[in-house]
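# Commentary on secondary and tertiary structure
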Amino acid sequence: MIREHQNLGVESGVELFCEKECTVVEGNGWEKQLSDVRQSIVFVDEGNRFVSSVEFARFIQGTDNYYVLVTRERLSTLPYSVEEIYGIRSSGKYGGLKPLYHEMYQLYADKVDTSELRPKKVVTEDSNAGYQFFASVCSETGIECVSAAGKKRRK
C-alpha cells in the first residue's frame, strides 16, 4: 500500500499519515533508490535478497533513516535489538477465505528477569580483549572467568 501511495499519490486511494516521509525500496536498484532518501522510514518487503547482504548493511548503517525490514532472511550482517523483532499472527478466518486481520506482536518479552541469574563461571573463547574485559567484570562480582584459548583448543 505504501508503494502504491509512493507511485500514484492520491490516485492510489491510500492515505498515509506519518510525520516522516515513508518510502519502499525493492529490487536490484536499491542503492540508487536509497541514495537521496534522508530522515525517512524505509520499508523493505520480503523477497528482496539484498537485505541480507554486506553491501546493504554497510550502506544503511551510514544513513539517518529508520528501516522496517519484513523478511525471513538471516540478518547476521546487521545489528538489531531482539526487542524490535515482530511476527505477524493471523486470525479471524471465515470458512475458506483468507484472514480478516493481522496482529503484530513481539517475539521476545520486553524485559527478561535476570535477578536470579548468577553464573558460577564465565568461559571466553579468546585469551585477549574479550577475556580481559570479562575477567575484569567477573573479578568485581566474584565470578570465576577462564579462557578457552581460542577455537582450535579442544578438550
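Given the structure is predicted, the values throughout are model-derived calculations rather than measurements.

## A word on the overall build of the protein
The secondary structure content of the protein amounts to 4 helices and 7 strands. Walking the protein from its N terminus toward its C terminus, one meets helices and strands in the order α-β-α-β-α-β-β-β-β-α-β. Scored against the burial criterion, the 155 residues of the protein give a buried share of 19%. Contacts in the protein between residues far apart in sequence, at least 24 positions, make up 30% of those at least 6 positions apart. Carbon and sulfur atoms form 51% of the exposed surface of the protein, whose accessible area is close to 12,600 Å².

## Some points on the pairing of strand β7 (residues 144–147)
Pairing of strand β6 (residues 121–124) with β7, which is carried by 4 bridges, proceeds in the parallel orientation. Looking at β7, one finds that Val 123 is bridged to Val 146. For the crossover that starts at β6, traverses helix α4 (residues 129–141) and ends in the parallel β7, the hand is right-handed.

## Here's the deal with the pattern of salt bridges
The final tally for this structure, using the stated rule, is 2 salt bridges. The residue Arg 3 makes a salt bridge to Glu 26 at a minimum N-O spacing of 2.9 Å. Separated by 23 residues along the polypeptide, Arg 3 in helix α1 (residues 2–8) and Glu 26 in the loop between β1 (21–24) and α2 (30–34) bring together distant segments of the chain. Accessibility expressed as a relative area gives 35% for Arg 3, which makes it partly exposed. Overall, Glu 26 belongs to the partly exposed group, its relative accessible area being 31%. Note that Glu 46 is salt-bridged to Arg 72, the shortest N-O span being 2.6 Å. Placement of Glu 46 in the loop between β2 (40–44) and α3 (54–61) and of Arg 72 in the loop between β3 (66–69) and β4 (86–91) is noted, with a sequence separation of 26 residues between them.

## A word on α4
Here α4 is 13 residues long and its end C-alpha atoms lie 19 Å apart, about the 18 Å a rise of 1.5 Å per residue gives. Looking one or two residues past α4, Gly 142 carries a phi angle of roughly 75 degrees, positive in sign.

## Quick look at the side chain of Thr 124
Structurally, Thr 124 is set in strand β6. Once residues lying within four places of it in the same chain are set aside, the contact partners of Thr 124 are Gly 130, Tyr 131, Phe 134, Cys 145, Val 146, Ser 147, Ala 148 and Ala 149.

## Let's talk about the environment of Glu 144
Among the structural elements, Glu 144 can be located in strand β7. Considering only alpha carbons, one finds Glu 144 and Lys 120, 24 residues apart in sequence, at a separation of 6.5 Å.

## Thoughts on the sheet that holds β3
Within the open sheet, the 3 strands sit side by side as β1-β2-β3. Their pairing is parallel. This sheet does not close on itself; its edge strands, each paired only once, are β1 and β3. Put simply, the sheet's adjacent strands are angled 20 degrees from each other on average, direction ignored. Here β1 runs beside β2; their pairing, made up of 4 bridges, is parallel. Within β2, the residue paired with Thr 23 across the bridge is Val 42.

Quick notes on the rules
- Residues numbered from 1 in each chain as written.
- Predicted model: local features only at pLDDT ≥ 70, side-chain atom pairs only at ≥ 80, totals over all residues.
- Heavy atoms only, no water.
- Helix = DSSP H or I, 4+ residues; strand = E, 2+ residues; numbered from the N terminus.
- Buried < 20%, exposed > 50% of the residue type's maximum accessible area, 1.4 Å probe, protein only.
- Contact = heavy atoms within 4.5 Å.
- Areas by Shrake-Rupley, 256 points an atom, 1.4 Å probe, with all protein chains shown as cover.
- Pairing = 2+ DSSP bridges.
- Right-handed = clockwise from strand over helix to strand, strands pointing away.
- Salt bridge = Lys/Arg side-chain N within 4 Å of Asp/Glu carboxyl O.
- Expected span 1.5 Å × (residues − 1).
- Axes fitted to C-alpha atoms, helices over the stretch in contact; angles between N-to-C directions.

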